[in-house]
Amino acid sequence: MSFRMMFEALLFLALLHFSACQPQGMGEEPLLSLKFSGTNEITVKCESKNWYPKPILQWKTVEGKNLTARADINIFEDRPSLFGVKSTLKVSKSDEREITCIIHHGQYNNTLEGQIEVDDELFTYVPQFWQILACLGFAAVIAVISVSAVCSWKVKRRMKKKDEETVKRGMKKKDEETGGLDEEQKPLNKDHEINSNEQIKELQKTNKAIDLPREKDGQELQKTNKELEKLLNEKDILNKDLQKEQKENEKLRNEKDILNKDLQKEQKENEKLRVDNQKLNEENDELSSEFDKIGIVPDAEWKRIQDQGADMVLSPDTGHSDISVDTNAGQVKFIGDLKGPDKWCCVTGNEAQQDHYWEVEVGEKGSWAIGLASDSIKNNKLIPECPGEGFWIIRLYRGKKLEAVSSTVEELQQKPKKVGLHWKRKCLRFYDVEKKQLIHKFDIEYTECLYPVFSPGSRDKGPLIIKIKQN
């Protein structure tokens, strides 16, 4: 092995050892805390330790707004070869409530985050904090005044006792010195004693006058202390009520979140059902189209159609004067003159609903007309000879010719005795009930209200019998 190869191997081992000894600090989770500033602002503090190399700290809101420019950031050496970081950010009531502290590792692209939510109640708590400090300061001042008053009262009381003792000792000494005087000096001593007693009484009276205001001030001080204590107790009660309300609000917020999740789940299920229902309707439409081509309706499909039977209610006030309407029996008869040109006097039923079915027995009548018409038929009470737009009917003309009449007239081959009408998704179908066979269908694009129309014709007085749904 050459000297150069040995040198390169030793150099590689040295670099590998240096890299292994280089400290790598991934850092601790950011610790966030709040501090009240007392000016409608709250200081958010973020700190973390054990980083190498120096980390990068950012402040952001949940919406992604960068607040780093407003923050104070301090990176310091926490221990040998490791760094710590501290940062403070002042937020006001107008800022967003959720604040995120993000710390990036300078080398490994590792990121640690800490998040804190600043509630509106915290901003209202700051002035309450200063009110408490004011109350405590007021209580301290009252306490100092009380102690000063008591000390002053005790000092004056001692001075009063000391004065009384001094007067008594002086009188006693004077009595001892004048004990040998004659009877002429005794009245003078007696007068002096009386004057001394009067002075003592005056002094006691003065002290009493001084003590009364002090006693009154002490009583007022006690009363003030009791009121202050009462206010502090009420404040404690209010704080407890506030904490209770906050817990209840948190509980309601959680229940609301649960309800919202349930609602979203139900909405997804409803959307899925709607899509499934739409697919089923499309399949049913395709199946109905196939049945229309065949002309014969299978028994299962026929039963499903008849299950959509509507409770048909006739409206006598929409009937022509030449017809009679029996709403109980569901019968409509022509009562006018049978001579003359054909007339298509009619009466309407209640508004047609989607996916409804009703039956009309026409029997051997020589003329009749049934189907759907627009709202104008309720006022006209007469189907025109050439109806045009707003009518979708089939009619038997002079006992010979069955026609499908709308904007055009189409001659039909059947002559049914009982007709079934099925109104479903803008399609009106006429069936021969006895044969379970399709007679004709109209595809209707009309978007306003439609009404079932019944005309007994004017060629006989036999009734049209509308099947009434039996509940």
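Not measured: the values here are computed from a predicted model. (Residues numbered from 1 in each chain as written. Predicted model: local features only at pLDDT ≥ 70, side-chain atom pairs only at ≥ 80, totals over all residues. Heavy atoms only, no water.)

Participant: Describe the overall build of the chain, listing the residues and the values that go with them.
Facilitator: Secondary structure assignment for the chain yields five helices and 22 strands. The burial tally for the chain puts 29% of its 471 residues in the buried class. Here the chain displays about 31300 Å² of accessible surface, and carbon together with sulfur accounts for 53% of that area. (Helix = DSSP H or I, 4+ residues; strand = E, 2+ residues; numbered from the N terminus. Buried < 20%, exposed > 50% of the residue type's maximum accessible area, 1.4 Å probe, protein only. Areas by Shrake-Rupley, 256 points an atom, 1.4 Å probe, with all protein chains shown as cover.)

Participant: Explain the nonpolar core to me, using residue names and the numbers behind them.
Facilitator: Membership of the largest hydrophobic core comes to 32 residues, with the highest contact counts inside it found for Val360, Trp368, Ile370, Leu428 and Phe454. Beyond its immediate stretch of four places on either side in the chain, Val360 contacts Ile370, Lys417, Lys418, Val419, Leu421, Phe454, Leu464, Ile465 and Ile466. Cys46, Trp59, Ala71 and Val91 belong to the second largest nonpolar core, which has 18 residues in total. (Core = buried A, V, L, I, M, F, W, Y, C linked by side-chain atoms within 4.5 Å. Contact = heavy atoms within 4.5 Å.)

Participant: Report on the packing of aromatic side chains, specifying residues and quantitative values.
Facilitator: For any pair of aromatic rings, the description rests on two quantities: the centre-to-centre distance and the angle between the ring planes. In total, this model carries six aromatic pairs according to the counting rule given. Aromatic side chains Trp302 and Tyr431 sit 5.5 Å apart centroid to centroid with 80° between the ring planes, which places their arrangement in the edge-to-face category. Of the two residues, Trp302 sits in helix 4 (residues 299-306) while Tyr431 sits in strand 19 (residues 427-432), which places them 129 residues apart along the sequence. Like Tyr431, Trp302 is buried. One aromatic cluster in this structure is built from Trp302, Tyr357 and Tyr431. (Phe/Tyr/Trp six-rings, centres within 6.5 Å; stacked < 30°, edge-to-face > 60°.)

Participant: Account for the state of the cysteines, with residues named and values stated.
Facilitator: Counted under the stated rule, the structure contains one disulfide. The disulfide partner of Cys46 is Cys101, and the gap between their sulfur atoms is 2.2 Å. Disulfide Cys46 to Cys101: torsion about the S-S bond roughly -80°, handedness left-handed. Of this pair, Cys46 sits in strand 3 (residues 41-52) while Cys101 sits in strand 7 (residues 98-104), and the two are 55 residues apart along the sequence. With respect to burial, Cys46 and Cys101 carry one shared label: buried. (Disulfide = S-S within 2.5 Å.)

Participant: Please give an account of a negative patch on the surface that cites residues and values.
Facilitator: Where like charges cluster on the molecular surface, the negative patch consists of Glu63, Glu98, Glu117 and Asp119. Take Glu117: it is sitting in strand 8 (residues 111-117). Here Glu117 falls in the partly exposed class, since its relative accessible area comes to 47%. (Patch = residues over 30% accessible without salt bridge, like charges linked within 9 Å, V, L, I, M, F, W, Y side chains within 5 Å. Salt bridge = Lys/Arg side-chain N within 4 Å of Asp/Glu carboxyl O. Lys, Arg positive; Asp, Glu negative; His and termini not counted. Charge placed at Lys NZ, Arg CZ, Asp CG, Glu CD.)

Participant: So, the environment of Gly64: which residues are in play, and what are the values?
Facilitator: Within the secondary structure layout, Gly64 lies in the loop between strand 4 (56-61) and strand 5 (72-79). Along the sequence, Gly64 and Thr100 sit 36 residues apart, while their C-alpha atoms lie 9.3 Å from each other.

Participant: Any chance you could break down the sheet that holds strand 8 for me, citing the residues and the numbers?
Facilitator: Spatially, the three strands line up as an open sheet ordered 4-7-8, and their pairing is antiparallel. With one partner strand each, in any of the chains shown, strand 4 and strand 8 form the two edges of the open sheet. For this sheet, the mean inter-axis angle between neighbouring strands, taken without regard to orientation, is 20°. (Pairing = 2+ DSSP bridges. Axes fitted to C-alpha atoms, helices over the stretch in contact; angles between N-to-C directions.)

Participant: Describe the pattern of salt bridges, naming the residues involved and giving the relevant values.
Facilitator: The tally for this structure, following the rule as stated, stands at 14 salt bridges. A salt bridge links Glu250 to Arg253; the nearest nitrogen and oxygen atoms lie 2.5 Å apart. In this pair, Glu250 and Arg253 both sit in helix 3 (residues 186-294), three residues apart, roughly one turn of the helix. On the basis of relative accessible area, Glu250 is assigned to the partly exposed category, the value being 38%.

Participant: So what about the confidence of the model for the chain? Which residues, and what values?
Facilitator: Per-residue pLDDT for the chain has a mean of 82; in total, 82% of the residues score no lower than 70. Counting contacts from residues 14-22, a segment whose pLDDT is below 50, to residues more than four positions away or on other chains yields one contact. (pLDDT = per-residue confidence, 0-100.)

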